[in-house]
Amino acid sequence: MDDLYRDYILEHYKRPHNFGELDPHDLEALEHNPLCGDELGVHIRVAGGRIEDLRFHGHGCAISQASASIASQELIGMELEEVGELDADWMIELLGIPVSATRRKCALLNLKVVRGAVTGDRAWPE
Amino acid sequence: MPPVVSPPTSLDVKADFPIFGRRFGGRELIYLDSGATSQKPAVVIDALAEHLRAHNANVHRGVYALAQEADAAYDGARRRVAAFVGASPRTTVFTKNVTEAINLVAYAWGRGSVPERPNIVPGDAVLITQLEHHANIVPWQMLCRERGAELRYLEVDERGELSLEQLDAELARGDVRLVAFAHVSNVLGTIVPVAEMCARIRAAGAVSLVDGAQAVPHMPVDVGAIGADFYAWTGHKALGPTGIGVLHGRAEAMEAMEPFLTGGDMISSVDFQTATWNELPYKFEAGTPPIAEAVGLGAAVDYLSGLGMERVRAHERALTAYMLERLAEVPGLRVVGPPEAERRGGLASFTIEGIHPHDVAELADRGGVCIRAGHHCAQPLMRCLGVGATARASVGVYNEPSDVDALVEALLAGREVFGL
């Protein structure tokens, strides 16, 4: 079996969860991966200080799409305060595959977008 | 093995390039990314090292014997580099790369530092094309924004080609002061009819700049015959070291321009408030130049001349034809740009349905094959093509049909990984 392109990664890539638009929404952000020109945006609906619902949109590689899909399942229901504290390790661990230095930004793009929408911090997660 | 449709082609020079002696996990290096940078032959590596080992001194200021050797090496390199593309050493300026060469023209020609004689004023236009690299877009965006000029684009048709009729129509509007375009597209591979374009631009009284980064390393180029006002290319894609680019210009244009970067070596004299400029080409080479890099590039063009650029072009054309044929065997693969190898430089950009280009490059690497994926510093073109990114395989003098075979095998295996 392939180390990187595991079955569940490809499954999330081909049929990503929580992709599309969410209208109306309370928060949104759009980011690019400068390495490959990929684009990922997010719509977030907030209720009671938590992410009530969330949708990603855009295009990208298997790693960036699968990361967004997998993260979306954890992010829905999470407190906004908690979202602001998520870091790169959280995402990489959640993804569960060895991510090389060159693919790291692919894996972290979704967290960058979500943190940007929630906290306004547009820095790459560390 | 499928039948080989094109005649096998090889210059049989891999052994000249030490990096191909390396093994990656027991496998040979299969390098199909020469469009990004070329590998270096031993003669270039040795020339660089030998210069640093035995002839190193600063240029243009020492009277001792060693300094004279450095002078001779640097000026000799300039003469060989200029001769390689039919240019005069006096109008051959060494820069850091093509990006700096284009910025030199955008600043020194575009802005000028004589306020009463600006080359670009509000209402003027700069014309570029949809197939440009960011290096030949952003400097013109900055110039137009600063000068209140308009930046317009020649369109790329569905075959990846430009239209001379559209160029004529744009020039007929009477406001175009400069036209900048690539000789060979780094994404589509399109060979642009540069001589025809330069003649039309000259006849319309405008100035031409050609980005030859993807042309000079791969085909015979005669900048005199092309007739551009400015022609830029870079050393590291032409078997030479990084850190050295080349700008050729028409003498009258270069004479009339103010300097770009200022400081040491580019002056004739300096007093407390003013300075006068050194003669060409030194006026445009401020500070200590890339001396060892120039020596390396001199060795690189000697090596290419030894192979013969007609032979290099014939080899790469045949290899590209073979690559296009073999890539067509991969289901879902679509190549962008001109369909005929005759009309393109030695590269093919492609997409594979169901696999993102980034993953295509990763899967190629599993087969030991180095290719590039991304927007290739040409995001406006990507928008025209309706894709976010492509994968790109590009060849050099050292590539052989077996490299293409390895790529195709890796792509077919990659489709299986993705369950396609």
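Residue numbers run consecutively from 1 along every chain, following the written order of its sequence. Labels are handed out in written order, letters beginning with A for the chains and numbers beginning with 1 for the ligands. Two thresholds apply to this predicted model, a pLDDT of at least 70 for residue-level local features and 80 or more for giving and counting side-chain atom pairs, whereas whole-chain, interface and lining totals are computed over all residues.

Peer 1: Would you take a moment to explain the environment of A:Gly48 for this structure?
Peer 2: Each helix is a run of H or I in the DSSP string that is no shorter than four residues. Each strand is a run of E no shorter than two, and both are numbered from the N terminus. Looking at where A:Gly48 falls in the secondary structure, it is placed in the loop between strand S2 (38-47) and strand S3 (50-59). In this structure the C-alpha to C-alpha distance between A:Gly48 and A:Leu80, which are 32 residues apart in sequence, comes to 9.5 Å.

Peer 1: Could you clarify how one ought to interpret helix H10 (residues 309-327) of chain B in this entry?
Peer 2: Side chains three or four residues apart in an α-helix point the same way, a direct result of the helix having 3.6 residues per turn. All names here are of chain B. Here the expected length of a helix is defined as 1.5 Å per residue gap, with one fewer gap than residues. Here H10 spans 26 Å end to end across 19 residues, near enough to the 27 Å set by a 1.5 Å rise per residue. Whether a residue is buried, exposed or partly exposed is read from the other C-beta atoms within 10 Å of its own C-beta, which are placed from the backbone; 20 or more gives buried, 12 or fewer gives exposed, and intermediate counts give partly exposed. Buried within H10 we find Val312, His315, Glu316, Arg317, Leu319, Thr320, Tyr322, Met323, Leu324 and Arg326. Working definition of a contact: two residues with C-beta atoms, positioned from the backbone, lying within 7 Å. Those residues of H10 that are buried are in contact with helix H9 (291-307), strand S13 (333-336), strand S14 (347-352), strand S17 (390-394) and helix H13 (401-417).

Peer 1: I tried to follow unusual backbone geometry on my own but got confused; where do I start?
Peer 2: When glycine is set aside, most residues are seen to have a negative phi, and most peptide bonds are trans. For the peptide bond that leads from A:Asp23 to A:Pro24, omega is 0°, which places it in the cis range. Along the chain, A:Pro24 falls in the loop between helix H1 (7-14) and strand S1 (27-33). Omega for the bond connecting B:Leu280 with B:Pro281 falls within 30 degrees of zero, at -5°, which places this linkage in the cis form. Positioned with a positive phi, B:Cys377 is a non-glycine residue whose angle comes to about 55°.

Peer 1: Would you take a moment to explain the interface of chain A and chain B for this structure?
Peer 2: When the parts come together, some accessible area is lost, and that loss is often what is quoted as the size of the interface. Across the boundary between the two partners, chain A contributes 13 residues, which contact 13 residues of chain B. Here the nonpolar group is Ala, Val, Leu, Ile, Met, Phe, Trp, Tyr, Cys and Pro; Asp, Glu, Lys and Arg are the charged ones; every other residue, Gly included, is treated as polar. The class makeup of the residues in the side of chain A that touches chain B is 7 nonpolar, 3 polar and 3 charged.

Peer 1: What's the story with the nonpolar core in this structure? I'm lost.
Peer 2: Side chains that are nonpolar tend, in soluble globular proteins, to be buried together. Residues and elements named next belong to chain B. Residues Ala228, Ala232, Val295, Ala300 and Leu407 are the most contacted members of the largest nonpolar core, which totals 155 residues. Broken down by element, the residue count for this core peaks at 10 residues, all from H9. Looking at which domains feed residues into this core, each of domain 1 (14-31 + 308-417) and domain 2 (45-305) supplies at least three. Leave out the neighbours within four places in its chain, and Leu407 touches Leu32, Ala364, Val369, Ile371 and Ala393. Definition of nonpolar core: a set of buried Ala, Val, Leu, Ile, Met, Phe, Trp, Tyr and Cys residues joined via C-beta atoms within 7 Å. Domain start and end points were adopted from an automatic or database domain assignment.

Peer 1: I keep staring at the sheet that holds S3(A) and nothing clicks. Help me out?
Peer 2: Paired through backbone hydrogen bonds, the strands of a sheet run either parallel or antiparallel to each other. Residues and elements named next belong to chain A. Read from one edge to the other, the open sheet built from 3 strands follows the order S1-S2-S3, with strand pairing classed as antiparallel. For this open sheet the edge positions go to S1 and S3, each flanked by a neighbour on one side alone. Direction aside, neighbouring strands of the sheet carry axes that sit 15° apart on average. Only strands that DSSP links by at least two bridges are regarded as paired with each other. Here S1 pairs with S2 via 7 bridges, running antiparallel. In the strand pairing of S2, Leu27 is matched with Ile44. Between N-to-C directions, angles span 0 to 180 degrees; the directions come from axes that are lines fitted to C-alpha atoms, helices contributing only their stretch in contact.

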